[in-house]
Structures are given as C-alpha cells and as structure tokens.
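The primary structure of each chain is shown beneath.
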Amino acid sequence: MASGKARNKQRSSGSSYTSTATTIVFVALCVLGVWMLTSNSVIPPQTTSRTTTTSDESTSAATADFSSANKNSQPIELTDKKISEAFEDNPGQLPDEAIKSDDTTQLKETNGNENPTQLKETNDNERSQMEQEIHVAESNNRESEKDSRAESKNDEESVPRKPGSGVEENPQGLQGKVSVEEQEKQKERENQVTEESSLTQNQQEERRMNNQESNEKQQIQEEMQMNDQRQKQEEAQKKKHHQQKGQHGLEEGTSHDQIEHDEAVPLLSSNKNDNHTSQAKPSPRRTKTGSSETQNSNDQHESHSKIDNKKEEKPTQLNPDGSLLGGESSGIPKESKESKKSWSTQADQSENQKERRKNGPDDQDGSIYGYTWQLCNVTAGTDYIPCLDNEKALKKLRTTRHFEHRERHCPEEAPTCLVPLPNGYKRPIEWPTSRDKIWYHNVPHTKLAEVKGHQNWVKVTGEFLTFPGGGTQFIHGALHYIDFIEEAVPDIAWGKRTRVILDVGCGVASFGGFLFERDVLAMSLAPKDEHEAQVQFALERGIPAISAVMGSQRLPFPSRVFDIVHCARCRVPWHEEGGRLLLELNRVLRPGGFFVWSATPVYQTLEEDVEIWKEMSALTKSMCWELVTIKKDKLNSVGAAIYHKPTSNECYDQRKQNATPMCKSDDDPNAAWYVALQSCMHRVPEGEVERGSRWPQNWPQRLQTPPYWLNKSQMGIYGKPAPDDFARDNEHWGRMVSKTYLSGLGISWDNVRNVMDMRAVYGGFAAALKDLKVWVMNVVNIDSPDTLPIIYERGLFGIYHDWCESFSTYPRSYDLLHADHLFSKLKKRCKIEPVMAEIDRIVRPGGKLIVRDESSTIGEVENLLKSLHWEVHLTFSKNQEGILSAQKSEWRPDSYAARS
C-alpha cells in the first residue's frame, strides 16, 4: 500500500516524469542498437496490430526463445518508477508506430556512444521488460470481450517472470492509464446494452429485419443479373426447343440447364430427417417463358430436396415468423386460429347466400400438366363476364322487374376458357393521359358516343375515344360540378372530411375520375346494360368502377362505410316500393354522411318530376334525412338536393308515423353477399366504441390510425390485440412494398394504374402504395374475417367476393393483381385452374401478377401461368414459403371451346 501511494504521488508530477521517461527510452534504444551491431544475431522487430490478436501458443514460444537467447545476460534492475515513467507518454494500447520503434536507423546513430558490454547486458533485460509490458497493455485492452480476456490471461501466464525485473505485477502507472481507457470503453458498452434492452421487442425485430432485408435484396439482385446473362447464352437453345414442342401443352420434366442452375442456387427446403434448417442460399430464378417452357413442380421440389440432402450447411438463425424476402415472412405472421372466434365472415353473416360448389382436395386432378386452353365460345365475345353473361341462367328468370337480369348469375361450373382480344388491341395509354383518351380498338364501341356525345360523355376522334370530362348533369366539365357541390355544403370538405364516396349510375365515371384531383376515392357503379360498355370505358381510362345494379339484392359492401353517396341522373327509381333502393343507400351511408341527388325532379316542374319530388320528400322525411340545401348550377342549368343522414336515434324514436319501419334486431346490416334487399332501416350505433358512432379522422390521418372501435380486448387476425395487429400489418406492408415490391420483382410501376389486392386483410398493401399514381380495389373473401369495414375506415375502398366465382368486371381491367396466400386457402374449396383463367381474363396484356404463398402452391401457379404463356419474372422460395411475379403476354389459343 505504501509503495502504491508513493507511485501515485510520483505520477502526479507529470512534467518531470516526461523528461525522465524520454531519457530512459532513449538510453534503452541506444543500448539495444549497440548490442545488435556488436553481436552476430539479428532480432527481427516486433509488430503488433490493434485489430489482430496473437495466439497463446505463439506468444509463449516467442517469449521462450527470447529468454533462452539471453539466459546468460546479467539483468539490470529497473524500479517501478522507471517502468511507469517509460510508458507515461503511451498510456493504454500502444499505437503500431510506437511498438515498431526498434528501427535500425535509430540504433545505428547511437552505436559509438555507449560501452558495448554494458549495452548488451542492459539490452537483454530492457528487451524483456518492454516485451512483457507490451503484453500487459494488450491484455488490458482485450478485457472487453470474454473470450479475449481468457486468451489474455494465458499470454500473461506464459511470459517468464525474472526476479527483479519488476513485472511480477502489472505496473501501477501503466494499469492506471489503461484502466481509464478501459473504463470509458466499458461505459460505452454498458450504454449500448442499456439502449438495446430499452428497445421494444418489435423495435429489435425491426432492426434485425432491416439488416437482413438489405442482404437478401442484394442476393436477389445479384442472382437476377446472373440469370439475365445465363438467358442470353441459352436463347438460341430455347428457340430451337420451342420449335420442337407443341404450342398448347405443358412441358414435362426439368431441363438439364435448369437443373444445373438449381444446383448452383438451390431453393431453401427443410429436411424432415434433420433437426435444423439447412442454410442453402435462396434462389431467385428469372426466366422468360415461351409457348411451352414449363417445369414440373414436383420434379423441381424433388430436385431441390436432393441437392439439400447432398450438401449439409451450418444451421442458420431465422426470424420467429420465418423470414422470407426482405426480412419478411411470406404472408406476415401466420393467422391465428383463435382469432377466428373474434371475427365473423360474409359466409356466416349472409344468411340467404346461395350454396357454393365445394371441390376439396379429393375432387381435384393432382396433375395439371398437359392442360390445353381454348377460347371462350360465347355471345359476349371479347367483353365476356361469366357471372353477368350467363345466358343459360338468364333464360330461367321468372321476372326482370327488379333488374334481376343485370345481377350476378354465375355458371355452375366456373369457366376455364380464355377471352379473346379485340382486333387491333394495343397496350393501354398511361394515366393521367388515359383519363382524356383511350385507344378505340381496345373498347371498340361507338353507340354511347352517338347517344351521349352531345353531353360530352365520349366522342370518337380518329383512332381514339376521347372524354371531354362531361356528363349529363355537368356538360361543361366535372371539376366545376365538383366545386359546385362543395360550395353548396362546405362541410363536405373534399379530400379531408370526405374521402370515400359511392357514385351510383356513374356512366363513364368522369365524376370519379376528376375527384382524384381533390384526393377523393369514388367507387363508381353501373350495370352492364344498353349503355354499352360504360364501366369498361371507365376502367380503360384508369378510373375505379364495377359492373353492378341496384336490383333485388344488397350491394357487396359493408354497412355505414361511404362518406357520400352521389347520383347524377342515375335513372334509379328511389321513391318506388317504399323506397327499398334508397334504404339500401341508407345502409351503406355513414351516419353523418351526405346523399347528393342531382336529377330533374330537383329543379324541373314537369308533372312527372313534381310527383317524384313529393314522394321523395315524404320518404326522406320518414327516414329522418335532413334536406340541407337545394342548390342551382347556372352554368350547367341543373340543380342538386343534398341530404344529411342522422347521427343518433332521436328522430327515429320521435316519429309519429313509421312509414319506413326499423329493421329487426336480428337483421345484420353487414350481411351483403347474395342477401335480398330489406325495406327497413337499421338503428344508428350510439355506443362510444361502436363502429359508426363517430366520424373518422380527416384524410390522410385516418390512413395510418387504427379505427377507434378496434379494442385491445379483441384478438386481431394474427393473434395480437386488434390495434397492435393493425399496426404490425401496416408496418409489414410498408417495408415489403418499399424494399421489395417496388424494386426487387422486375416490375415497372410506371404503367401500373388499376391494382387489385385479391385477399386484403387490413388494407396494408393498398396503404403502402398511397404515394404512387395507382388505386387499389381491396377484395375481402367471403370466407375470411370481415375486415372490410376497417379498410373503409382508413379511407380506402373494397368489395366482398368469392374467388370460386368470376369477378364483376370486364376483361382486361387491371394492370396488377396481388394475391397473398390466396391460392393455398382457395384450393380447399375449388379448383385453381378456373381461378387462373379468371386472372387471365381481368388482367390486361402486359399486366402483372404478384403471388405470395406456400412453395408447393407457388409451383402449381407457376406452371399454370407458363401454360398460359405468361412471362415469369421471378420465383423465390425459402422455408416452404415463396413469392412469384409474372407478366401477361398477348398470346391467345387458336381453337374455341365447345359452346355450352
């Protein structure tokens, strides 16, 4: 203790020690130099790197050799003070330059100034002292890591300790300097550990995922580049191969070149006999498919399994959810079985839905190879919509009074034929130019131009169909009409309070097309009737629309979801049969929402119009709708009546005459799949946590905010509390779209406008695309949890559907379809082949498909796409999950199917 205090006292005199230290170091170097010049042995200079650590064995051996060579030398005793002073200017870990200071040039300069014998004796001990001090410094610097500390301890024990050398213990001066630096490093490490421990589990998982995302994305890009080069070399062989194969069948087996490619970058598959996952490199495969370039999915997976069994790799650490691409699982976290108890489906809610055909796995033909496609032999030709053009079913209708002939009547067997292309078809014009003109040959119909041309609906202009932006009620343009409505009722507040609207009887949907400029989404709706191809015009222009009619059944939407319902001369008899059709609008209109009715009964005095107005006035009063205003538009010489739906049940309870009855308590307002219309009203939700009791937040805040009525007591789709589930889904799709979909799938998004999410959950995929010039039709399957109200609450829109049936849209409607774990669930109820034919029907030539699903299902879809002559850009599989992107070609079969 006394000596320690003395050393501390001496160390406080820094200036004197510095000069002493300099002298000692200079003398030591001189002694070493003279000894080297006078002796015949040459000692190589010692080098040490901060980033490399010498092993215990090599350190011990080097020290032993050094001691043996100098065992006859007489050691010169150095005090702790001198040792401390010698290292005073180099505290802690010594820089490389300081350790390499045994420079022969410096030694030669001191050669003639010292006694050779004395220098030699001094050199042995000085060298030993410095060697041991360096080891001590290195040892202290390696204490930050556990393994390195053990190694450091062995180094110190292996160094011979000479009596009087002053190195039996670590010199106090050196230890003091080193410990200061070590304490700072230790503090930094503790702060880092504290910071990491303070992160939530989701934040830590997100950090880990982000790191893995960049690595795997780079792998995909490298593999795609390699495959592109490989394709060029194989192009000649493929051309010859296609000439030898037929044009309609699927190729059986796997080509030799493809096997070589798969062996080079095998898909990651799991071996059932192993207890760990093989760390095989994921294999993105980029191929161009011709008429019959197809591979047997079973052969592929068998090949990959054999490859993985041949070569054992070290087990890899995977994310708990089984990360796939971009650090994400193939379909976000697995859906919780328990969550099904918390969510109803349309299949459960729709009591009057018609019975569905269910072809389970036992009914399916396991072999899809050799499948031959044919063209649909139907009257509708290039505009065929199977569920709206079912001539066999239409002939059996007993009445068409309620427009039953415009409603859905799907074939008993879903069609597997392909719809032909119109003659002269061209790739669609890109948005926003497409809003004003489209190729005539893509929708070669002129009747509407002849009938409605004077109202500026559509005109034929050379090889184009042009759309001046007018309509029956806004001949001079939709934008003026849109502003006219907001001026009439400022609370409408386009793009803020009002975000999602329903446009009934939309015509060519110019109203909805120009609402995009006000940040509003319009679900445009019109039947397939004598107004030839009006919805098809809308979709070709890049405006959302569906073919549907207000007839005998409810619209395929949840209750209380639209901010505004609009009708401009929509030719719907709202006042008839007790207002059944208007009551359906009341069902889908949000409490506090507006009904905008622009029609002749509002502003004309013809006898028929006056009578309709009286009946509408009585009906709306009975429904407790408040007439906010009747506004005249002088420019267009029209007028609009704007009604407001109540936000409470007070008016319903105080009505003297219940001309419009309230629905029974057991009537579910959300049941909408093949459910007959009811001439009644549902009560307005008034509980604080009931959906519809409050207006959503303004746009765009509502997009990212969990709905107020999602409570933590309800389990979400993926097993977390519903609000947390919503947030996790939103974060997942934000990462997936930005880091994978937009750049990693070989898709050009410049010509993508009309998008459909074939199996939406919370609408996260659509929300992630909000900054692109696209709109997304979110489809919630009837056997999936009913999350469509959540999608509308976010300021997005969608529809209920069963993919065992055809969708209510025209052929060639969409630029991109997205299917996340759709097919693996769907094939439990129906065959995949008709679904693929339906996808081929509604996707435009040049359109894209993104599929995320189980690897076996991905293989089946890939083979069907290749049989349809789609170009498969990328397939990527890992942990039995996969992703695929493909593009539709203009290929059509030569033969027609038999007419049914």
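The notes below deal with the structure included here. Here the structure is a predicted model, which means the values were calculated and not measured.

Digging into the side chain of D563
Right, so step 1: The residue D563 is located in strand 7 (residues 562-568) in this model.
Right, so step 2: A distance of 3.0 Å separates a polar atom in the side chain of D563 from a polar atom in the side chain of R590.
Right, so step 3: Among the polar contacts listed, one links the side chain of D563 to the side chain of R702, at a separation of 3.3 Å.

What to know about the packing of aromatic side chains
Right, so step 1: In this structure the tally under the stated criterion is 23 aromatic pairs.
Right, so step 2: Consider the rings of F474 and F511, whose centres lie 6.3 Å apart with planes at 40°: the pair is tilted. Of this pair, F474 sits in the loop between strand 3 (464-466) and helix 16 (478-488) while F511 sits in helix 17 (residues 510-515); the two residues are 37 residues apart in sequence, bridging distant segments of the chain. Accessibility classification places F474 together with F511 in one group, the buried group.
Right, so step 3: Ring centres of Y718 and Y762 lie 6.4 Å apart, and the angle between their planes is 70°; this geometry places the pair in the edge-to-face category. Here the residue Y718 occupies a position in the loop between helix 23 (701-704) and helix 24 (722-741), and Y762 occupies one in the loop between strand 11 (754-757) and helix 25 (764-768), the gap between them amounting to 44 residues. The burial state of Y718 is the same as that of Y762; both residues are buried.

Quick word on a negative patch on the surface
Right, so step 1: A grouping of E576, E607, E608, E611 and E615 is seen on the molecular surface, where their side chains present a negatively charged patch.
Right, so step 2: Tracing the sequence through the fold places E576 in the loop between strand 7 and helix 19 (580-588).

Some points on the state of the cysteines
Right, so step 1: Taken as a whole and judged by the stated rule, the model has 6 disulfides.
Right, so step 2: Between the sulfur atoms of C376 and its disulfide mate C417 the distance is 2.0 Å. Looking along the S-S bond of the C376-C417 disulfide, the torsion reads about 95°, which is the right-handed sense. Of this pair, C376 sits in the loop between helix 13 (346-349) and helix 14 (391-394) while C417 sits in the loop between helix 14 and strand 1 (437-439), and the two are 41 residues apart along the sequence. Note on accessibility: C376 and C417 belong to one class, buried.
Right, so step 3: Sequential numbering of the bridged cysteines in the protein gives the disulfide pattern 1-4, 2-3, 5-6, 7-8, 9-10, 11-12.

As for the environment of I429
Right, so step 1: Note that I429 resides in the loop between helix 14 and strand 1.
Right, so step 2: Separated by 112 residues in sequence, I429 and R541 have C-alpha atoms that sit 8.1 Å apart.
Right, so step 3: Ignoring sequence-local partners within four residues, the contact set of I429 consists of S434, K437, I438, W439 and F464.

Structural notes on the sheet that holds strand 12 (residues 775-781)
Right, so step 1: Read across the open sheet, the 7 strands follow the order 13-12-11-14-15-17-16; overall the sheet is mixed. On the outer flanks of this sheet lie strand 13 (798-801) and strand 16 (871-878), each paired with one strand and no other. Strand-to-strand twist across the sheet, computed as the mean angle between neighbouring axes with direction ignored, equals 15°.
Right, so step 2: Both strand 12 and strand 13 contribute to a ladder of 4 bridges, which runs parallel.

A word on empty space enclosed by the protein
Right, so step 1: Inspection of every chain in the model, using the stated rule, returns 12 cavities of 30 Å³ or more.
Right, so step 2: Looking at the largest cavity, its volume works out to about 270 Å³.
Right, so step 3: Taken together, 20 residues form the lining of the largest cavity, with R408, A548, Q553, R554 and P556 sitting closest to its centre.
Right, so step 4: For the lining of the largest cavity, the secondary structure elements donating two or more residues are strand 6 (545-547) and strand 13.
Right, so step 5: With 3 residues, the top contributor of residues to the lining of the largest cavity is strand 13.
Right, so step 6: By residue class, the composition of the lining of the largest cavity is 12 nonpolar, 4 polar and 4 charged.

Conventions adopted
Residues numbered from 1 in each chain as written. Predicted model: local features only at pLDDT ≥ 70, side-chain atom pairs only at ≥ 80, totals over all residues. Heavy atoms only, no water. Helix = DSSP H or I, 4+ residues; strand = E, 2+ residues; numbered from the N terminus. Polar contact = N/O pair within 3.5 Å; in protein donor to acceptor, adjacent residues only side chain to side chain. Phe/Tyr/Trp six-rings, centres within 6.5 Å; stacked < 30°, edge-to-face > 60°. Buried < 20%, exposed > 50% of the residue type's maximum accessible area, 1.4 Å probe, protein only. Patch = residues over 30% accessible without salt bridge, like charges linked within 9 Å, V, L, I, M, F, W, Y side chains within 5 Å. Areas by Shrake-Rupley, 256 points an atom, 1.4 Å probe, with all protein chains shown as cover. Salt bridge = Lys/Arg side-chain N within 4 Å of Asp/Glu carboxyl O. Lys, Arg positive; Asp, Glu negative; His and termini not counted. Charge placed at Lys NZ, Arg CZ, Asp CG, Glu CD. Disulfide = S-S within 2.5 Å. Contact = heavy atoms within 4.5 Å. Pairing = 2+ DSSP bridges. Axes fitted to C-alpha atoms, helices over the stretch in contact; angles between N-to-C directions. 1 Å grid on protein atoms, 1.4 Å probe; cavity = no way out; pocket = protein on both sides within 12 Å on 5 of 7 lines; lining within 4 Å. Points joined across faces, edges and corners; volume = space filled by probe spheres on them. Nonpolar A, V, L, I, M, F, W, Y, C, P; charged D, E, K, R; others polar.

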